[in-house]
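Secondary and tertiary structure notes
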Protein chains: 4
Amino acid sequence: MDYKSLRTPEHCLADFCLIPIGTASASVSSQIAEVQRLIEASGVKYTMHSAGTTLEGSWDRVHEVIGQAHTLLHEQGVVRIQTDIRVGSRTDKEQTAEDKVNKVKELLATGKEQTDVDKATAVYAAAEAYKAGEAFDNLKAGWA
Amino acid sequence: MDYKSLRTPEHCLADFCLIPIGTASASVSSQIAEVQRLIEASGVKYTMHSAGTTLEGSWDRVHEVIGQAHTLLHEQGVVRIQTDIRVGSRTDKEQTAEDKVNKVKELLATGKEQTDVDKATAVYAAAEAYKAGEAFDNLKAGWA
Amino acid sequence: MDYKSLRTPEHCLADFCLIPIGTASASVSSQIAEVQRLIEASGVKYTMHSAGTTLEGSWDRVHEVIGQAHTLLHEQGVVRIQTDIRVGSRTDKEQTAEDKVNKVKELLATGKEQTDVDKATAVYAAAEAYKAGEAFDNLKAGWA
Amino acid sequence: MDYKSLRTPEHCLADFCLIPIGTASASVSSQIAEVQRLIEASGVKYTMHSAGTTLEGSWDRVHEVIGQAHTLLHEQGVVRIQTDIRVGSRTDKEQTAEDKVNKVKELLATGKEQTDVDKATAVYAAAEAYKAGEAFDNLKAGWA
């Protein structure tokens, strides 16, 4: 396979939590504020929360912005930075950060208890997964 | 040192993102909603956002709740679950998830550009860190 | 549902990366070494790598050890600590950290190119997932 | 400040753990093996372990390779993928993944107990951090 021609995803959600190391102070809020200004200036759609900031955009662009945040703080004297990124991409539909939260909220609003239909789904999915495995074993046997 | 007597932190912030694997469907919102019901019932303080849920409480309690979330979904037929947890503890002050966000927002509100004082801080901290290293080398030399 | 009676998983793999904040020095290896001594003393099975340490054991025990690591460093003057944990549990089989690596290595050894059977699997799984969705829609329609 | 001119770091260590979602099977080793082939072909230096794979190289290149891994699996029918990346950069020295592990191993080999010098360091750093805060307050007072 020609891996070189592979492109990166056109859309992703990347939630990152950046930690400056060796800063002499336990407070990192001024660095985080500086990074927020960079993100604001980047034009990339974002949401800040207490455990990180979620970026939405092309794979290349959102990772470029996070890399720029490292460089920005390095230039201000932070010698070491560690970031945790949770990044997701999907091809079945476009989904924003807001969509994700709303969908869960809807499910919560429609019933405090898990419904029988929900329970049936889980059991059904397990059964399908089992059948898929079995069917695939048959398929493989046919190929061998 | 007697490691056995060490206790876990009395307070922490733990942000987790749980992913059911092998569910036959790419949608995980019904599982996330089920986990939210568990968290609500647990009495632990929490905030949901698009990339996870932040729990606040004792180390043992918040990790127990996340573990219960795994068991809950396992019991419903999800055979494999992977969770990413970002957990922080600090001894210099009590800080809630809300405090963290507010502090950054305040810094952003007080000035769109980084102030000279901010820049001076970064340089100063770097200088202090350097001096600390040098001073410590002297200290070590004295001990040797 | 009675969430309180839920137990945490009996077995899990938890890979963690601990970062001391506000230490005045960018080097964290002495703290990591101290944590390794704690882990060694805990009796929990572990593997260290450049981006973290993987623990294997019951959910409660491995998270207790990581929490003790926070307390240990707090007691030595580190006022703030942030840890990233990747934790997985599964009910379909027992799998050690070593098993996971070996399975991938085997797959790599048996063929440099992905086989036709592998490709068929992916397509088949996608088709099944689609059918499962459709079938479930029918099921839901029946329940409604 | 002109954020646009900021470049991303020339060197970083990025450890990633990729999870295919909605695959109908709980086993992800064939996908991981496929990703390993992509990494091998990329020419980027890497180390595989049970909880992820560590890449070493320029910020742009390592994140491009991880993005290509998403695209590769999407093309094979995996509709949703979630990846956790732990990425670090530092300006004080070049350090490989191997260096990091070796440094901790050395520290472990040279003494089973933490030395008095180590303890003094921690106390000293805490004192310096405190003084830095105080000195900075004086500095700020002078600026005001």
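Procedures and definitions
Residues numbered from 1 in each chain as written. Chains lettered and ligands numbered in written order. Predicted model: local features only at pLDDT ≥ 70, side-chain atom pairs only at ≥ 80, totals over all residues. Heavy atoms only, no water. UniProt positions renumbered as here; feature names shortened; annotations may be inferred. Least-squares fit on C-alpha atoms with pLDDT ≥ 70 in both. Contact = heavy atoms within 4.5 Å. Buried area = accessible area lost by both parts, 1.4 Å probe. Salt bridge = Lys/Arg side-chain N within 4 Å of Asp/Glu carboxyl O. Polar contact = N/O pair within 3.5 Å; in protein donor to acceptor, adjacent residues only side chain to side chain. Nonpolar A, V, L, I, M, F, W, Y, C, P; charged D, E, K, R; others polar. Pairing = 2+ DSSP bridges. Helix = DSSP H or I, 4+ residues; strand = E, 2+ residues; numbered from the N terminus. Axes fitted to C-alpha atoms, helices over the stretch in contact; angles between N-to-C directions. pLDDT = per-residue confidence, 0-100.

- As annotated in an unreviewed UniProt entry, chain A carries the name Thiamine-binding protein domain-containing protein and comes from Penicillium malachiteum.
- For the record of chain A, the UniProt heading Sequence similarities (unreviewed entry) holds the text "Belongs to the UPF0045 family."

**Re the relation of the copies chain A and chain D**
- Least-squares fitting of chain A to chain D yields an RMSD of 0.0 Å, with the superposition described by an axial translation of 0.0 Å and a rotation of 180°. Accordingly, the operation relating the two chain copies is best matched by a two-fold axis. Closest approach to the rotation axis among the C-alpha atoms of chain A is made by Ile85 of chain A, whose C-alpha sits 2.4 Å away.
- Mapped onto chain D, 100% of the interface residues of chain A are again interface residues, and the two copies thus contact each other with one and the same surface.

**Looking at the interface of chain A and chain D**
- Contacts between the two partners involve 41 residues from chain A, matched on the other side by 41 residues from chain D.
- For the chain A and chain D pair, buried surface summed over both sides reaches about 3500 Å², with 55% attributable to carbon and sulfur atoms.
- Here chain A is connected to chain D by zero salt bridges.
- Connecting chain A to chain D are 17 residue pairs in polar contact (both at pLDDT 80 or more).
- Here the side of chain A that touches chain D is composed, by residue class, of 16 nonpolar, 13 polar and 12 charged.
- Here 11 bridges tie strand 4 (residues 80–90) of chain A to strand 4 (residues 80–90) of chain D, and the two strands are oriented antiparallel to one another. Within strand 4 of chain D, the position partnered with Arg80 of chain A by the bridge is Arg90 of chain D.

**Overview of the sheet that holds strand 1 (residues 12–21) of chain A**
- One open sheet holds the eight strands; their spatial order is 2(A)-3(A)-1(A)-4(A)-4(D)-1(D)-3(D)-2(D), and the pairing between them is antiparallel. Taken across any chain shown, the strands that pair with only one partner, and hence form the sheet edges, are strand 2 (45–49) of chain A together with strand 2 (45–49) of chain D. Across the sheet, the mean angle separating the axes of adjacent strands is 20° when strand polarity is ignored.
- Examined bridge by bridge, strand 2 of chain D and strand 3 (residues 52–57) of chain D share five bridges and lie antiparallel to one another. Along strand 3 of chain D, the bridge assignment pairs His49 of chain D with Gly52 of chain D.
- Contacts from helix 1 (residues 29–42) of chain A reach strand 1, strand 2 and strand 3 (52–57) of chain A, with the element oriented near 145° to strand 1 of chain A.

**Concerning the confidence of the model for chain A**
All names here are of chain A.
- Averaged over chain A, the pLDDT score is 79; the fraction of residues at 70 or greater is 76%.
- Across residues 112–144, where pLDDT falls below 50, the model places 36 contacts with residues more than four positions away in sequence or in other chains.
- Two summary scores accompany this predicted model of the complex, namely pTM at 0.78 and ipTM at 0.76.

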